[in-house]
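As a plain string of letters, each chain reads:
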Amino acid sequence: MQYSVLGSSNINVSRVCLGTMTWGTQNTQQDADEQLAYALEQGVNFIDTAEMYSVPPTAESYGATERIIGNWLCRNRSKRSELIIATKMAGSGLSYIRDGGIMTAQTLLQAVDDSLTRLQTDYLDLYQLHWPNRVSPHFGRHSVGRIGFSDVDAAEQTEQMLSLLQALDSCVKAGKIRFCGLSNESPWGISQYLQLSREHNLPRMVSIQNEFSLLHTKDWPYLIEQCIHENIAYLPWSPLAGGALTGKYLHGARPQGSRWGMLQRNGLFRDTPGSNTAIAAFIELAASHNLKPAQLALAWVDNVDGVTSTIIGATSMAQLQQNIGAFKTDISQAVIDDVNQYLQQHPLPF
């Protein structure tokens, strides 16, 4: 396993980050225990979760994943210092989480304490804001004109960011959080947080996790360029486009127990005619180089300049083994050239 420094922090994280959002709905405590044991054996030390997990998010599954991890931690106390545990505070939109309200300083303080309780730990290595208070171009809202920016009150949003940073600062000083990060943010949001941190001597955001895959490269080059020069760790989530890049959903297939067979909060926005065409072409590309689609898709993301650690997930041990194994794949220049040509032919298909 290879490791990278998490942005401007002093933390070394594995290039593979174990995502856990299926634990509690698609996966049981026993499944999670087995996944954690295997991942740790392979050198994975970075675990990502969120208060709103498991997914698809429901009132009944809220907090389930953190509780599962907490159960494991309670039984494996000696492992805590070896792990980098990251979790996230949910934003607005879910009625059963703080009545669907936006993130505020007060609710953040309570959210941190609640996550600590569920995870059965005294501190969080990385605490992230799951999505901004404003509507951002994520979760399939990135096409031109899909959302508006002119109607956003920038001063109000900046004031909210300052308030959140101040609350995070109090948690850092109390020893509850080591470092802070963002999720599903934009270059403007990153810039505002960095400026506020400098102006008010508040915690600096060390990372951002955004969706990034061969089907969804909108963060290249501009956001990733900013991450590199501002020393912010870039953590791609959904590197397999929700499993689509394996090809298992082609031609409308919905394997039993798969995520696309479940009701999705934001709908199946990745399932478009353009995506299906792109995925079929990618399957052929991988086969032409004697690579499995998931293997190539994950290895490609890992090799993108600026990527610090890639968040993977699995509902079975076979998937987990294959996904972690993909990061040992050496990509030749011929493969890179073919992938670059593929991206020119299939830009942002959803």
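Our subject is the structure listed above.
For the structure given in this document, a descriptive report is provided here. Everything quoted here is computed from the prediction, not taken from an experiment.

### Comments concerning the pairing of strand β5 (residues 84-89)
- Along β5, 6 of the 6 residues are buried, which leaves the element largely enclosed by surrounding structure.
- In β5, alternate side chains face the same way, and those of Ile84, Ala86 and Lys88 on one face and Ile85, Thr87 and Met89 on the other are all buried.
- Examined bridge by bridge, strand β4 (residues 46-48) and β5 share 3 bridges and lie parallel to one another. Directly across from Phe46, in β5, lies its bridge partner Ile84.
- For the crossover from β4 across helix α2 (residues 64-75) to β5, the handedness is right-handed.
- Pairing analysis gives 4 bridges linking β5 to strand β6 (residues 124-129), with the strands arranged parallel. When the bridges of β6 are listed, Ala86 appears paired with Leu126.
- Handedness of the β5-helix α3 (residues 105-119)-β6 crossover: right-handed.

### With respect to the pairing of strand β3 (residues 16-19)
- Neither face of β3 is exposed, since Val16 and Leu18 on one face and Cys17 and Gly19 on the opposite face are all buried.
- Regarding the hand of the β-α-β motif, the stretch spanning β3, helix α1 (residues 29-41) and β4 is right-handed.

### Points about the pattern of salt bridges
- Following the criterion strictly, the structure yields 15 salt bridges and no others.
- A salt bridge links Glu185 to Arg134; the nearest nitrogen and oxygen atoms lie 2.7 Å apart. Here Glu185 is found in the loop between β7 (177-183) and α5 (187-200), whereas its partner Arg134 is found in the loop between β6 and α4 (154-173), with 51 residues between them in sequence. Like Glu185, the residue Arg134 is buried in the burial classification.

Thresholds applied
Residues numbered from 1 in each chain as written. Predicted model: local features only at pLDDT ≥ 70, side-chain atom pairs only at ≥ 80, totals over all residues. Heavy atoms only, no water. Buried < 20%, exposed > 50% of the residue type's maximum accessible area, 1.4 Å probe, protein only. Helix = DSSP H or I, 4+ residues; strand = E, 2+ residues; numbered from the N terminus. Pairing = 2+ DSSP bridges. Right-handed = clockwise from strand over helix to strand, strands pointing away. Salt bridge = Lys/Arg side-chain N within 4 Å of Asp/Glu carboxyl O.

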